[in-house]
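Coordinates in review
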There are 2 protein chains.
Amino acid sequence: MGVIETAIDTIKQMIVDGELRPGQKLPIEKELADQLGIARNTLREAVRALIAMRVLQTRQGDGTYVTSLSPALLLDGMSFVADIHQHAGAGEFLHVRRILEAEATALAAVRIPDEHLVVLGNLLEEAERLAAAPEIDHGKLVALDQDFHSLITSHCGNAVLAAVIQNMSGRTIRARIWRGMTDPQAVQRTLGEHRAVYQALLARDPERARIHAAMHVLGVEESLPDFASGSLGTTAPPLPS
Amino acid sequence: MGVIETAIDTIKQMIVDGELRPGQKLPIEKELADQLGIARNTLREAVRALIAMRVLQTRQGDGTYVTSLSPALLLDGMSFVADIHQHAGAGEFLHVRRILEAEATALAAVRIPDEHLVVLGNLLEEAERLAAAPEIDHGKLVALDQDFHSLITSHCGNAVLAAVIQNMSGRTIRARIWRGMTDPQAVQRTLGEHRAVYQALLARDPERARIHAAMHVLGVEESLPDFASGSLGTTAPPLPS
DNA sequence: AATCCATATTCATCGGATCAATTGGAGCTG
DNA sequence: CAGCTCCAATTGATCCGATGAATATGGATT
């Protein structure tokens, strides 16, 4: 195993063992490099890899810190995966999102506080106002859509579940879906589904919430142009070996 | 935004735009660094970050290549997240796994080929033989357990779903669960659940498969010592700001 | 006590040098 | 010609040292 990979694993292990705790500051580069017996450049590459995994975070002029390590943070690199597969794999990501969001919405029905239900209602009204305008601002609709869903799923009582859902539809896909709704009727139908979910939450009815949430995501899936394409497994040319 | 982050995004974008395709070889470091107007060391840090995301892959003496970019590959960094939260968050990961595995098993019931059902049966028999031995080899049981589940979920028809499930219980958690089964009866019960899932698949009955799969993961969840701890949201000291 | 500023600390970036693994072709052998 | 060995070119891996840029710190000033 290469020197860099060894360094990455060493730092990882220090975290797993509790030797490095969330928020803690690491020794300065020169010192840590000496301690690991590697050059500073090499250590920097290891640190850069851990930064990409959201495990470490650097602040120029200050130091290198362990992040909060919260599931939401560590899992949010996944959205990039969804973005890369925006073409062929969008349906597969949405299917996973449908499964999870149905469950999370049901869980949220008995957990979301009243004041957040009020916020949800406001989001809905704003979206409906936007959709009624002569010139539809798709960018704002996408943002409101994301706020609506993440506010619900964040109250499912499971941070991992919420984080995975959040990342199962990257920004690119979400934007593409709304941009694809050239038909005003499609926008109206989508907002109607949102309202149905909202009503189920107001009624504190998990089963209604689950079904409406599933129905909503399914509607999105079926609106995808390449919905029927059951292409599985990305085909890639093998590496020369 | 720093020079390195810019370089990372540039390379990412080249991939999203199709300028770089899976399996393709990148220009040599010196050349690519010049092309991006950065130093070779700096480029290496960007490449190292993309390696950590499983987007790139380097082979000393050969070159740097774009990976297959398959969801299974890109999502497999998630298992590290599960490993870090082996203590407090194991239950949350298992809950997600339960939701997804129930669905995936149901889907697999009508998709898995007959010859793989035979393999499943063999895995089961081998596990039961191991469990009957006077000295139980937990390591092999963990491996068989993983093979059993991944063989099923890999036939759900959705590569993303299979990959997410695969990573929702990292090796550490899985090992801890089986190691925790000091009670021979617990091992037997778990294997019995496996067999129930297997029978449902043999019968090509999605609903039976779904329920038995959910029951199985739930059994694992409830066997966790800290099952009742509903601790949500990792608490971390804020960064100095 | 609050603010401002010079200085030290620390990460960011650069340029070059050497080591190590792989590749591909030259040359040899049968 | 087929197959092998071996050497040189290619290319990433690692190291070293230097400079730039952002932040923190502590003293001076008001």
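Scroll up to find the structure.
Below, the structure is looked at part by part. Model, not experiment: these values are computed from the prediction.

Observations concerning the pairing of strand 1 (residues 56-59) of chain B
Residue and element names in this part refer to chain B.
- Direction of pairing for strand 1 relative to strand 2 (residues 63-66): antiparallel, over a ladder of 4 bridges. For Q57, the partnering residue across the bridge sits in strand 2 and is Y65.
- In sequence, strand 1 turns back onto strand 2 through a hairpin of 3 residues, with G61 there showing a positive phi of about 85°.

A word on the protein's contact with DNA strand C
- Close contacts around DNA strand C come from 24 residues, with R44 and T58 of chain A together with V3, N41 and T42 of chain B the closest.
- Sugar plus phosphate: this is where 72% of the atoms of DNA strand C within 4 Å of the protein reside.
- At a separation of 3.3 Å, a base nitrogen of DNA strand C approaches a polar side-chain atom of R40 of chain A.
- With respect to DNA strand C, the backbone of G61 of chain A contributes an N or O atom lying 3.3 Å from a base oxygen.
- For the surface near DNA strand C, the elements supplying multiple residues, two or more each, are helix 3 (40-52), strand 1 (56-59) and strand 2 (63-66) of chain A together with helix 1 (3-16) and helix 3 (40-52) of chain B.
- Of the residues belonging to the surface near DNA strand C, the class tally is 5 nonpolar, 12 polar and 7 charged.

Concerning the side chain of T153 of chain B
- Relative to the helices and strands, T153 of chain B resides in helix 8 (residues 138-153).
- The contacts of T153 of chain B, once residues within four sequence positions are left out, are E101, A104, A162 and I165 of chain B.

Looking at the pattern of salt bridges
- For the coordinates displayed, the defined rule picks out 32 salt bridges over all chains.
- Notably, a salt bridge pairs E45 of chain A with R44 of chain B, separated by 2.8 Å at the nearest N-O pair. Of this pair, E45 of chain A sits in helix 3 while R44 of chain B sits in helix 3, on two different chains.
- For R44 of chain B, a relative accessible area of 25% translates into the label partly exposed.
- The partner of R59 of chain B in a salt bridge is D62 of chain B, and the shortest N-O contact between them spans 3.0 Å.
- According to the relative accessible area criterion, R59 of chain B is partly exposed, its value standing at 32%.
- On the accessibility criterion, D62 of chain B (29% relative accessible area) is partly exposed.

What counts, and at which threshold
- Residues numbered from 1 in each chain as written.
- Chains lettered and ligands numbered in written order.
- Predicted model: local features only at pLDDT ≥ 70, side-chain atom pairs only at ≥ 80, totals over all residues.
- Heavy atoms only, no water.
- Pairing = 2+ DSSP bridges.
- Helix = DSSP H or I, 4+ residues; strand = E, 2+ residues; numbered from the N terminus.
- Near = heavy atom within 4 Å.
- Polar contact = N/O pair within 3.5 Å; in protein donor to acceptor, adjacent residues only side chain to side chain.
- Nonpolar A, V, L, I, M, F, W, Y, C, P; charged D, E, K, R; others polar.
- Contact = heavy atoms within 4.5 Å.
- Salt bridge = Lys/Arg side-chain N within 4 Å of Asp/Glu carboxyl O.
- Buried < 20%, exposed > 50% of the residue type's maximum accessible area, 1.4 Å probe, protein only.

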